[in-house]
Amino acid sequence: MSEEISERLEFILESILIIETRFNKIQFPDDLINSHDGITILDSIAMRLQAIGENVKAVVKLDTQFLNKYPDTDWKKIMKMRDVISHHYEGLDHEIIFSICKNKIPELKISVKEIVNQLNGV
């Protein structure tokens with residue numbers, strides 16, 4: 001197994017933990033746009049989501065079949081979200097970011113933790 005794949009997944013897990021920490025102050029989608037702090041949180045979460053997608057793409061480039069072993073996660077959507085943030089940031093919907101943080105990040109955390117543990121023989 002590639003050391004780089006393992007490092008990329010560790011980075012994804014670290015980014016998830018950072019997103020969770022930043023998101024814990026947010027109660028409602030509009031909290032991300034109704035204050036300077038909310039906008040800062042939205043921007044910082046979006047950058048971490050972009051980095052997660054970039055690292056998923058890197059894993060796919062390193063080994064096109066690796067993530068196929070983990071079909072419960074929609075890796076293509078994660079990569080697509082990266083593209084949306086990178087190329088259409090001005091149209092980014094704060095309600096979608098809120099939904100991702102609330103509903104998808106916890107699931108992704110579980111999946112990535114399991115993969116990292118398997119790679120580390122835990």
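Residues numbered from 1 in each chain as written. Predicted model: local features only at pLDDT ≥ 70, side-chain atom pairs only at ≥ 80, totals over all residues. Heavy atoms only, no water.

Peer 1: Help me understand the packing of aromatic side chains, please; the structure alone is not making it clear to me.
Peer 2: Both the distance between ring centres and the angle between the ring planes are used here to describe each pair of aromatic rings. Throughout the structure, instances matching the rule amount to 2 aromatic pairs. Ring centres of phenylalanine 66 and tyrosine 70 lie 5.7 Å apart, and the angle between their planes is 55°; on these two criteria the pair is classed as tilted. Assigned by exposure class, phenylalanine 66 and tyrosine 70 land together as buried. (Phe/Tyr/Trp six-rings, centres within 6.5 Å; stacked < 30°, edge-to-face > 60°. Buried < 20%, exposed > 50% of the residue type's maximum accessible area, 1.4 Å probe, protein only.)

Peer 1: Could you clarify how one ought to interpret helix H1 (residues 3–23) in this entry?
Peer 2: Each α-helix winds once per 3.6 residues, and so residues spaced three or four apart point in a common direction. Here H1 spans 30 Å end to end across 21 residues, near enough to the 30 Å set by a 1.5 Å rise per residue. Along H1, the residues that are buried comprise Ile5, Ser6, Leu9, Ile12, Leu13, Ser15, Ile16, Ile19 and Phe23. Looking at the buried positions of H1, the neighbouring elements they touch are helix H2 (36–62) and helix H4 (94–119). By the N-cap criterion, in which a side-chain oxygen at the helix start approaches the backbone nitrogen of a residue two or three places on, H1 is capped by serine 2, the distance to glutamate 4 being 3.1 Å. (Helix = DSSP H or I, 4+ residues; strand = E, 2+ residues; numbered from the N terminus. Expected span 1.5 Å × (residues − 1). Contact = heavy atoms within 4.5 Å. Polar contact = N/O pair within 3.5 Å; in protein donor to acceptor, adjacent residues only side chain to side chain.)

Peer 1: Teacher, can you tell me more about the side chain of threonine 73 here?
Peer 2: Among the structural elements, threonine 73 can be located in the loop between H2 and helix H3 (75–87). According to the relative accessible area criterion, threonine 73 is buried, its value standing at 12%.

Peer 1: Mind showing me how you'd approach the packing of H1 against H2 here?
Peer 2: Helix-helix packing is described using two parameters, namely the angle between the two axes and the distance between the axes. The N-to-C vectors of H1 and H2 enclose an angle of 165°; their axes lie 9 Å apart at closest approach. What the angle tells us is that H1 and H2 run roughly antiparallel. Note that H1 runs across H2; the crossing there is left-handed. Of H2, the residues touching H1 (which contributes Glu4, Ile5, Arg8, Phe11, Ile12, Glu14, Ser15, Ile16, Ile18, Ile19, Arg22 and Phe23) are Ile41, Ser44, Ile45, Arg48, Leu49, Ala51, Ile52, Asn55, Val56, Ala58, Val59 and Leu62. (Axes fitted to C-alpha atoms, helices over the stretch in contact; angles between N-to-C directions. Parallel < 35°, antiparallel > 145°, perpendicular 65-115°, else oblique. Left-handed = near helix turned anticlockwise from the far one by under 90°.)

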